[in-house]
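# Observations on the model geometry
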Amino acid sequence: QVQLVESGGGLVQAGGSLRLSCVVSGNTFSRNDMGWYRQAPGKQRELVASISSGGRTNYADSVKGRFTISRDNAKNTVLLQMNSLKPEDTAVYYCVPGVSVGVSFVPLNIWGQGTQVTVSS
């Protein structure tokens, strides 16, 4: 059974930084493509960034140049470094395993509890 535990969220002022972490257990992490999604109140969940098992990354246009996704296969962890945060980045952030298809990412229906990110103006 795959388990995902996200952490690292919090309250930060606009322009600040946060580093999200997701520890994955119960599967062969190094073989999985991984993604970070977010969901703001009243909005649909959206893909923020993805990283393939080989390390290829893709980003939503809204976060390009500000967010960096990475993975540490030795620790079964996927990270999301978020810089120059904006109020519109406020959301619950989730990591999820999935399949990278070109620049697209298809998530598996396995979700953690998420971590809240709040950016004040």
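### Re the state of the cysteines
Applying the stated criterion across every chain yields a total of one disulfide. Disulfide pairing places Cys22 opposite Cys95 at an S-S distance of 1.7 Å. Taken as a pair, Cys22 in strand S3 (residues 18–25) and Cys95 in strand S9 (residues 91–101) lie far apart in primary sequence, 73 residues in all.

### Comments concerning a nonpolar patch on the surface
Taken together, Val99, Val101 and Val106 make up a surface patch of nonpolar side chains, about 240 Å² in accessible area. Position of Val99 relative to the elements: it lies in strand S9. Note on Val99: relative accessible area 43%, which makes it partly exposed.

### Digging into the side chain of Asn32
Note on placement: Asn32 falls in the loop between S3 and strand S4 (33–39). When its relative accessible area of 17% is taken as the criterion, Asn32 is described as buried. In contact with Asn32, not counting residues within four places along its chain, are Asn27, Ser53, Arg71 and Pro97.

### Notes on the pattern of salt bridges
Throughout the structure, instances matching the rule amount to four salt bridges. A salt bridge links Asp61 to Lys64; the shortest N-O distance between them is 3.2 Å. Two residues, Arg66 and Asp89, come together in a salt bridge whose shortest N-O distance is 2.7 Å. Of this pair, Arg66 sits in the loop between strand S6 (57–59) and strand S7 (67–72) while Asp89 sits in the loop between strand S8 (77–82) and S9, and the two are 23 residues apart along the sequence. The same class applies to Arg66 as to Asp89, namely buried. Among the charged side chains, a network of salt bridges with common partners joins Arg38, Glu46, Arg66 and Asp89.

### So, the pairing of strand S11 (residues 115–120)
Residues of S11 alternate between two faces, with Thr115, Val117 and Val119 buried on one and Gln116, Thr118 and Ser120 left unburied on the opposite face. Sheet analysis places strand S2 (residues 10–13) next to S11, joined by four bridges and oriented parallel. Note on S11: the bridge partner recorded for Gln13 is Ser120. By the bridge criterion, three bridges tie S9 to S11 in an arrangement that is antiparallel.

### Re the sheet that holds strand S1 (residues 3–7)
Spatially, S1-S3-S8-S7 is the arrangement adopted by the four strands of the open sheet, whose pairing is antiparallel. The sheet is open, and its two borders are formed by S1 and S7, each paired with just one other strand. Across the sheet, the axes of successive neighbouring strands diverge by a mean angle of 15 degrees, strand direction being ignored. As paired strands, S1 and S3 are joined by five bridges and run antiparallel to one another. Bridge assignment links Ser7 to a residue of S3, and that residue is Ser21.

Conventions and cut-offs
- Residues numbered from 1 in each chain as written.
- Predicted model: local features only at pLDDT ≥ 70, side-chain atom pairs only at ≥ 80, totals over all residues.
- Heavy atoms only, no water.
- Disulfide = S-S within 2.5 Å.
- Helix = DSSP H or I, 4+ residues; strand = E, 2+ residues; numbered from the N terminus.
- Patch = residues over 30% accessible without salt bridge, like charges linked within 9 Å, V, L, I, M, F, W, Y side chains within 5 Å.
- Areas by Shrake-Rupley, 256 points an atom, 1.4 Å probe, with all protein chains shown as cover.
- Salt bridge = Lys/Arg side-chain N within 4 Å of Asp/Glu carboxyl O.
- Buried < 20%, exposed > 50% of the residue type's maximum accessible area, 1.4 Å probe, protein only.
- Contact = heavy atoms within 4.5 Å.
- Pairing = 2+ DSSP bridges.
- Axes fitted to C-alpha atoms, helices over the stretch in contact; angles between N-to-C directions.

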